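Structural features, examined
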Amino acid sequence: MNLMQVFEKFATHDECIEHLERVRWHGKPSCPYCRFERVTPMPAERRHHCNNCKTSFGVTVGTIFHHTHVPLQKWFLAAVLVLNAKKRLSARQLARDLEVNKNTGWRMAMQIQKAVERRDQHEFRCALHTAPCSIRVGTAIREELATHSRSL
Ligand SMILES: [Zn+2]
């Protein structure tokens, strides 16, 4: 996906959340803390309540999108910018493009890069799915993409 496609497809916070839920849970949410599968949706908060450990959780728990004040749409756009860049994208450039401060831009770029390196982890798949086939960051990512698109 290119920047415009992501911008249009994930125009709202809810659309970003729905996408992450689809990619992560395939319609069967489970508690990220205890793995229990009997959970009660809390649609107004876009969260779920675990009937085992009694915790409430959202889809971003355990991903690079957790505990962030940056809107998810900016994260998705950041993933495209970072993953589609031919060379390493500077944090300052990312910050300017997304209208966040330079420390936030730096942190986002680092988080996305780290997610790419931890390619077996879930957040990488989520991030990647927003920026598929045109990514030029090496064989590892192409493999991961192939695996991921088969599972869709
Ligand atoms: Zn639980």
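Residues numbered from 1 in each chain as written. Predicted model: local features only at pLDDT ≥ 70, side-chain atom pairs only at ≥ 80, totals over all residues.

1. A closer look at the nonpolar core
If you look at the biggest cluster of nonpolar residues, it comprises 26 residues, and the most contacted ones within it are Phe76, Ala78, Ala79, Val80, Val82 and Ile112. Of all the secondary structure elements, the ones that give two or more residues to this core are α2 (13-25), α3 (72-84), α4 (91-98) and α5 (102-117). In terms of residues, this core owes the most to one element, α3, which gives ten residues. Leaving out residues up to four positions away in the same chain, Val82 has contacts with Leu89, Leu94, Ala109, Ile112 and Gln113. (Core = buried A, V, L, I, M, F, W, Y, C linked by C-beta atoms within 7 Å. Buried ≥ 20, exposed ≤ 12 C-beta atoms within 10 Å, placed from the backbone. Helix = DSSP H or I, 4+ residues; strand = E, 2+ residues; numbered from the N terminus. Contact = placed C-beta atoms within 7 Å.)

2. Thoughts on the sheet that holds strand β3 (residues 56-57)
The antiparallel open sheet is built from three strands, whose spatial order is β1-β2-β3. Either end of the sheet is taken by a strand with one partner, and the two such strands are β1 (39-42) and β3. One ladder, built from four bridges, connects β1 with strand β2 (residues 47-50); its direction is antiparallel. In the sheet register, Pro41 faces β2, and the bridge partner there is His48. (Pairing = 2+ DSSP bridges.)

3. Here we look at the confidence of the model for the protein
Within the protein, residue pLDDT values average 78, and 77% of them lie at 70 or more. Every residue in residues 130-152 scores below 50 in pLDDT, and together they form 30 contacts with partners more than four places removed in sequence or on other chains. (pLDDT = per-residue confidence, 0-100.)

4. Observations concerning the pairing of β2
With burial as the criterion, only one face of β2 is covered, namely that bearing His48 and Cys50; the residues Arg47 and His49 on the opposite face remain uncovered. Counted along the chain from β1 to the antiparallel partner β2, the turn is four residues long, and its residue Arg46 has a positive phi close to 55°. When β2 meets β3, the two strands line up antiparallel, connected through two bridges. Looking at β3, one finds that His48 is bridged to Phe57. Taking the residues that link successive antiparallel strands as the turn, the β2-β3 hairpin has five residues, and the phi of Lys54 there is positive, at about 60°.

5. What about α3?
Every α-helix carries 3.6 residues per turn, so stepping three or four residues along brings you back to the same face. Spanning 13 residues, α3 covers 18 Å between terminal C-alpha atoms, matching the ideal 18 Å at 1.5 Å per step. The buried fraction of α3 amounts to ten of the 13 residues, a majority that puts the element mostly inside the structure. (Expected span 1.5 Å × (residues − 1).)

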